[in-house]
Amino acid sequence: MFKKILIANRGEIALRVICACRELGIRTVAVWSEADEHSLHVRFADEDVCIGPARSSESYLHVPAIISAAEITGADAIHPGYGFLSESAYLAEVCEACHIKFIGPSPSVIRLMGEKSRARRAMRKAGVSVLPGSDGPVDTEAEAQKVARDLAYPVIIKASNGGGGRGMRIVRSADELAPALRTAQREAQAAFGIGDVYLEKYVEAPRHIEVQILGDHFGTVVHLGERECSVQRRHQKLIEEAPSPVMTDKQRKKLGAMVVDAARAVGYTSAGTFEFLMDAQQHLYFIEANTRLQVEHGVTEMVTGIDIVKEQIKVAAGEKLSFSQHDVQISGHALECRINAEHPETFAPSPGRIDAFSLPGGPGVRVDTFAHAECTVPPNYDSLIAKIMTHGRTRDEAIVRMRRALEMTVIEGIQTSVPMHLKILAEPDFQQGRISTAFMDRFLPAPKPAPAPATTPSTTPAA
Ligand code: MV4
């Protein structure tokens with residue numbers, strides 16, 4: 001087992017990894033930017049190293065600073081958390097060269113999954129039901145027109161090296177395709193340094209369902225069931241739950257087995273997530289895979305009793321998975337509300353100093369956070385300050401527990417998304433599990449009425 005792990009991250013996830021290390025008897029090294037000097041992850045780590053200024057590109061994203069900190073402290077592994085360098089094949093390669101274990105899949109698997117159109121092809125080859133789309137990147141307008149005609153409109157253009165919703169364009173008719181393709185290619189080039197894009201059939205108001213897996217270095221891969229993350233806004237997930245309210249045991253078994261076979265086929269090790277869209281007919285289609293620990297892993301831990309971070313560390317150290325598929329039982333239902341430092345109506349960030357702070361507890365409640373009374377939420381990073389999770393024997397019980405947990409959450413001095421969550425949880429559609437990625441549209445500000453045209457326009461045919 002590792003003796004010392006450097007955690008290349010901050011905030012609640014850095015603390016979550018410290019929890020796992022302490023339980024495993026592993027020493028920890030925190031790294032921090034100048035904005036995080038007084039942060040709890042620094043206080044609770046055994047050692048800490050300042051790696052640069054507040055700006056991420058000069059600290060949490062700066063590979064030479066992270067590697068130097070690991071070498072100076074003699075860390076034998078690096079846990080990247082989520083975000084930042086967690087899906088950097090480059091960091092994983094540098095770690096290999098420096099004889100430091102990167103806690104994640106191999107660089108080649110990270111690279112494969114990072115190229116979304118290549119990942120689609122690999123998954124299709126491995127027998128996964130993949131959303132219909134182009135076979136690889138689409139370069140020319142003629143090619144795009146042919147693929148889109150075969151798929152039938154609407155289609156969606158996605159950046160091959162993007163992911164998580166960035167750089168996507170929905171195209172509803174052939175005449176919109178050429179300009180959308182050019183814009184998408186230009187945006188992909190600017191955002192990701194690679195202009196490749198691919199096409200998929202566009203699914204209206206899908207559910208977002210993802211399968212959690214763990215793989216060791218002995219060819220064993222298990223799945224821990226699915227999470228549903230359909231309640232999202234601007235590609236930011238707000239509420240996640242496990243299991244999905246609409247998946248049957250039979251469907252879970254089939255989807256899980258399909259993902260496990262595919263993961264084994266590509267040599268997947270460590271924790272990972274395979275994302276699917278579910279259409280109105282409840283068909284599931286693979287869209288992309290994430291090669292990191294995810295923000296919402298805790299709801300899976302609550303319904304399986306498995307500590308995903310400890311297992312991830314153990315398999316990275318070369319241990320066999322300590323359980324088999326047969327041992328994985330989904331028990332009850334768990335929900336997670338992401339508490340962001342933001343204005344509850346405008347969603348504008350609300351960093352600053354927290355005055356009063358009190359967290360909920362009691363039966364079935366878990367809170368992962370780095371915040372505390374009199375701490376400061378810096379403006380430099382994402383606005384997630386706490387994850388409130390609840391577990392119940394049923395989804396209804398998990399919802400009741402979440403509502404009382406949110407009502408017993410005190411965070412003063414900054415604005416948070418707690419009131420927004422209470423509104424969502426009071427919605428009959430949410431309570432009945434009638435959710436989709438379009439669910440949050442009802443909370444958008446009412447669109448301004450279009451200004452009256454000076455002359456009566458000719459009527460255009462309805463779409
Ligand atoms: C889609 C989709 C519909 N059809 N792909 C968003 C997050 C990223 N992981 C994938 N996303 C989507 N992919 C196909 N083929 C719908 C979404 C989606 C979305 C798309 C455009 C605008 C807002 C959206 C909100 C949630 C999900």
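Trainee: Whenever I open this one, the overall build of the chain confuses me. Can you help?
Mentor: Secondary structure assignment for the chain yields 14 helices and 20 strands. Over its C-alpha trace the chain gives a radius of gyration of 22 Å, about what one expects of a compact globule, namely 23 Å for 463 residues. The principal-axis extents of the C-alpha atoms in the chain amount to approximately 70 × 45 × 45 Å. Looking at the 463 residues of the chain, the share that counts as buried comes to 56%. Across the chain, the fraction of contacts at a sequence separation of at least 24, relative to all contacts at a separation of at least 6, is 65%. For the chain, the exposed area adds up to about 20100 Å²; of that, 52% sits on carbon and sulfur atoms.

Trainee: Could you clarify how one ought to interpret the sheet that holds strand β12 (residues 270–278) in this entry?
Mentor: Sheet strands pair via backbone hydrogen bonds, and the direction of the pair is either parallel or antiparallel. Pairing is antiparallel in the open sheet, where 8 strands are placed in the order β13-β12-β9-β10-β11-β14-β19-β17. Two strands close off the open sheet at either side, each with one partner strand: β13 (284–290) and β17 (365–369). Strand-to-strand twist in this sheet, taken as the mean axis angle between neighbours without regard to direction, amounts to 25°. Where strand β10 (residues 221–233) meets strand β11 (residues 236–242), 4 bridges bridge the pair, whose relative direction is antiparallel. Following the sheet pairing, Val 231 is matched in β11 by Ile 239. Set on the sheet, helix α9 (residues 249–265) makes contact with β9 (207–215), β10, β12 and β13; between it and β10 the angle comes to about 110°.

Trainee: Which parts of the structure should I look at to understand the side chain of Thr 300?
Mentor: Inspection of the secondary structure assignment puts Thr 300 in helix α10 (residues 297–304). Among the polar contacts made by the side chain of Thr 300, one reaches the side chain of Arg 227 at a distance of 2.8 Å. What Thr 300 contacts, discounting residues up to four positions off in sequence, is Gln 212, Leu 224, Arg 227, Ala 242, Gly 305 and Ile 308.

Trainee: Please clarify how the site of the ligand should be interpreted in this entry.
Mentor: Contacts to the ligand come from 17 residues, most closely from Leu 131, Lys 158, Glu 200, Lys 201 and Val 203. At 2.9 Å, a backbone N or O of Val 203 approaches a nitrogen atom of the ligand. In this structure, a nitrogen atom belonging to the ligand sits 3.4 Å away from a side-chain N or O atom of Glu 275. For the ligand, whose unbound accessible area comes to 530 Å², protein coverage reaches 86%. Residues of the shell around the ligand, tallied by class, amount to 8 nonpolar, 4 polar and 5 charged. Both of domain 2 (132–201) and domain 3 (207–442) provide at least three residues apiece to the shell around the ligand.

Trainee: What's the story with the sheet that holds strand β2 (residues 27–33) in this structure? I'm lost.
Mentor: As summarised here, the arrangement of the 5 strands in space is β3-β2-β1-β4-β5, forming an open sheet in which the pairing is parallel. Among the strands making up the open sheet, the edge pair consists of β3 (47–52) and β5 (101–102). With 3 bridges joining them, strand β1 (residues 4–7) and strand β4 (residues 77–79) adopt parallel strand pairing. Looking at β4, one finds that Ile 7 is bridged to His 79.

Rules used throughout
- Residues numbered from 1 in each chain as written.
- Predicted model: local features only at pLDDT ≥ 70, side-chain atom pairs only at ≥ 80, totals over all residues.
- Heavy atoms only, no water.
- Helix = DSSP H or I, 4+ residues; strand = E, 2+ residues; numbered from the N terminus.
- Rg over C-alpha atoms; globule rule 2.2 N^0.38 Å.
- Buried < 20%, exposed > 50% of the residue type's maximum accessible area, 1.4 Å probe, protein only.
- Contact = heavy atoms within 4.5 Å.
- Areas by Shrake-Rupley, 256 points an atom, 1.4 Å probe, with all protein chains shown as cover.
- Pairing = 2+ DSSP bridges.
- Axes fitted to C-alpha atoms, helices over the stretch in contact; angles between N-to-C directions.
- Polar contact = N/O pair within 3.5 Å; in protein donor to acceptor, adjacent residues only side chain to side chain.
- Near = heavy atom within 4 Å.
- Nonpolar A, V, L, I, M, F, W, Y, C, P; charged D, E, K, R; others polar.
- Domains from an automatic or database assignment.

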